Structures are given as C-alpha cells and as structure tokens.
Amino acid sequence: MAELVYPPVIGAAHGLFKALDIRIDMKGTENIPRKGGAVLVSNHIGYLDFIFTGLTARPSKRLVRFMAKDSVFRHKVSGPLMRAMKHIPVDRDQGEGAYQQALAALRSGEIIGVFPEATISQSFTLKSFKSGAVRMAQEAGVPLIPVALWGTQRLWTKGRPKDLRRSHIPVTMRVGEPMEAPADQFAGALTRRLRERVQELLDAAQRAYPAKPKGAEDSWWLPAHLGGTAPTAAEVREAELRKA
C-alpha cells in the first residue's frame, strides 16, 4: 500500500529544520538495513526525538514505525497523523496489544522505533532500559540498531519552553552497528549490553557536539557530570517522589 502521509511529513520536517538552520550531524546511517525488520533503539531527551530518530533511516530509504503512548493518538491533530503513518499506540496499563502489533510489523519487514527509557530523561543521562525492545527482537528474529541523539533537548524537552526560533542549534546523531538478539540468551543481559552500546554512542555524540553553553544560565541542557546545571538522575527521582 502506498505511503501517502509519512514521506510528506518527513519532507516537511526536514524543510522546517533547514529553515530553522538546525545543523544535523548524522553518522553511522549505513548501519540501518535497507530491507527486513529491525528494532531501532534510541535514548530519549526531548519531544522531537522520534522525528530525528526517524531521519536516521532516510538514507536507507526506510520508514520507522514508532511505539508511542496512546494519548498522542487521541490528540485531534497528532492522532490522525500518527495513525496514517502506522505508528503503534501503547497503553501502559495494557501493553500486550501494542507488543503483538509491533511483532507482526517486525515479521513483515518493518523497522520499529523504541525508546526503552519509556519517558524523557530530565537529567539528559541514560535511565535504565526496559526489556521490551530486546524481547521483541528476540521473538521476531531481527537485529537491534542502537542510536544516540544529542542536542534535541535544546529544542523542546520536558519542563522547558520549546525553542523553535532560527537559533542555529546543532543536533548530533550516531547510529551503531546492528546487535543480534539470540532467542536463547537472557533478555536482561542483552538489555544491559544494549544500554552500554547506546551509552558509547551517546558519549561519542557528546564529544562531537560543536556547541558549548554560553554561561551558567545557558548550561541547563548539559548534564551535571559534564559541568552543566541539569539535575542529576537522583535529584530527578527525589523531585518525582515529592510530587507523588
């Protein structure tokens, strides 16, 4: 069936990024297979991550079907677009249906995009990974493709106003080599290995990132361990507990 919505949306997003002079640096896109199923796994630091992660598959002429929370599909604007692009809604209380839908897509040769941290990391460091991505890859017999994004948090992230001005913000993306997910290996161990691979790519993306904060007030997007003022993972957890 012809893709009537997804390619124009990608083109529009790419045009918007050019208009905003967002300097995109992608490396490793040759690691995304040109055919066959795969699970694309990325860190999650901003609301636009699914768009940027999807762009990494563009050189291979592939479309990525993302698993996203079902509230996005209920929105009057994003909902029809998400359904037309064949993304997969996830009800966190009843996730089995989404899991089976993703498995069917993988077996039919689709690429499924997953953010195994489940929510945006406000410390901009890697949170623990849920094992669903690995289990899907194992059951469908497809590889895992690790991806790391850096800089997308400066455009729009949780707890901060979005910045979609022509502000020349760079975004760095690194795609790693495919990682096999043998069905006879423990999913927990593979998930830890996958997280390590994403961490290595994230470290590389951060080292290659061409911008630095202009001062203390501008360092909110840099993790504390890199000298920024973003909250640590422990501080984020404490804040969440106070809200609960």
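By convention here, each chain's residues receive numbers from 1 onward along its written sequence. Per-residue local features are limited, in this predicted model, to residues with pLDDT of at least 70; the limit for side-chain atom pairs, both in listing and counting, is 80 or more; totals at the level of whole chains, interfaces and linings are taken over all residues. Note that water and hydrogens are dropped before the side-chain values are worked out from all heavy atoms of the structure.

Positive phi outside glycine occurs at K86, with the angle close to 65 degrees. Locating K86 in the fold gives a position in the loop between α4 (78-84) and β4 (88-90). Of note, the phi angle at F124 is positive, near 65 degrees, even though the residue is not glycine. Labels follow the DSSP assignment, with helices taken as runs of H or I lasting at least four residues and strands as runs of E lasting at least two, numbered in each case from the N terminus. For F124, the location among the structural elements is in the loop between β5 (111-114) and α6 (132-140). Given the relative accessible area of 5%, F124 is considered buried. Burial status follows relative accessibility: with a 1.4 Å probe on protein chains alone, a residue under 20% of its type maximum counts as buried, one over 50% as exposed, and anything between as partly exposed.

The relative placement of two packed helices is expressed as an angle between their axes plus a distance between the axes. Only the stretch in contact is used when a helix axis is fitted, and all axes are lines through C-alpha atoms; the angle between N-to-C directions ranges over 0 to 180 degrees. The N-to-C vectors of helix α5 (residues 96-107) and α6 enclose an angle of 45 degrees; their axes lie 10 Å apart at closest approach. Relative to α6, α5 is oriented oblique. Seen along the crossing, α5 lies across α6 with a hand that is right-handed. Together, Y99, A102, L103, L106 and R107 of α5 and G132, R135, M136, E139 and A140 of α6 make up the contact between the two elements. Three classes are used: nonpolar for Ala, Val, Leu, Ile, Met, Phe, Trp, Tyr, Cys and Pro, charged for Asp, Glu, Lys and Arg, and polar for all others, with Gly counted as polar. Looking at the contact of α5 with α6, its residues break down into six nonpolar, one polar and three charged. By the definition adopted for this analysis, an angle is roughly parallel if under 35 degrees, roughly antiparallel if over 145, roughly perpendicular if from 65 to 115, and oblique otherwise. Helix crossings get a hand from a simple test, with the near helix turned counterclockwise from the far one by less than a right angle marking a left-handed crossing and a clockwise turn marking a right-handed one. Contact between two residues is taken to exist if any of their heavy atoms lie within 4.5 Å; hydrogens are not considered.

We now examine a positive patch on the surface. For patch building, the residue pool is restricted to those with more than 30% relative accessible area and no salt bridge; the joining distance is 9 Å between like charges and 5 Å between nonpolar side chains (Val, Leu, Ile, Met, Phe, Trp, Tyr). Each accessible area value is a Shrake-Rupley result obtained with a 1.4 Å probe; residue values ignore everything except the protein chains displayed when judging cover. Between Lys or Arg on one side and Asp or Glu on the other, a salt bridge is scored when a side-chain nitrogen of the former is within 4 Å of a carboxyl oxygen of the latter. For the purpose of charge, His is not counted, nor are the chain termini; Lys and Arg are scored as positive and Asp and Glu as negative. One atom stands in for each charge, and that atom is NZ of Lys, CZ of Arg, CG of Asp or CD of Glu. Together, K69, R92, K130, K158, R242 and K243 give the surface a local cluster of positive charge. Tracing the backbone through its elements, the reader meets R92 in the loop between β4 and α5. Judged by its relative accessible area of 56%, R92 falls in the exposed class.

Moving on, we get to the pairing of strand β6 (residues 144-150). β6 sits mainly inside the fold: seven of its seven residues count as buried. Of the two faces of β6, the one holding L144, P146, A148 and W150 and the one holding I145, V147 and L149 are both buried throughout. Here, any two strands with at least 2 DSSP bridges between them count as paired. Sheet analysis places strand β2 (residues 38-42) next to β6, joined by four bridges and oriented parallel. When the bridges of β6 are listed, S42 appears paired with V147. Here β6 pairs with strand β7 (residues 170-175) via four bridges, running antiparallel. By the bridge assignment, W150 is partnered in β7 with T172.

The seven strands are arranged β1-β7-β6-β2-β5-β3-β4 in an open sheet whose pairing can be described as mixed. Whereas interior strands pair on both sides, the edge strands pair on one side only; in this sheet they are β1 (23-27) and β4. Between one strand axis and the next, the sheet turns through 20 degrees on average, direction left out of account. When β2 meets β5, the two strands line up parallel, connected through four bridges. Across the sheet, L40 pairs through a bridge with G113, a residue of β5. Where α5 meets the sheet, it contacts β2, β3 (64-69), β4 and β5, and its direction lies at approximately 155 degrees from that of β4.

Classification of ring pairs uses Phe, Tyr and Trp, with its six-membered ring standing for Trp, and accepts pairs whose centres are within 6.5 Å; under 30 degrees between planes counts as stacked, over 60 as edge-to-face, and the remaining range as tilted. Enumeration over the complete set of coordinates arrives at six aromatic pairs. An angle of 80 degrees between the planes, with centres 6.2 Å apart, marks the rings of F50 and F66 as edge-to-face. Note that F50 is positioned in helix α2 (residues 49-55) and F66 in strand β3, a separation of 16 residues in sequence. F50 gets classed as partly exposed once you look at its relative accessible area, which sits at 30%.

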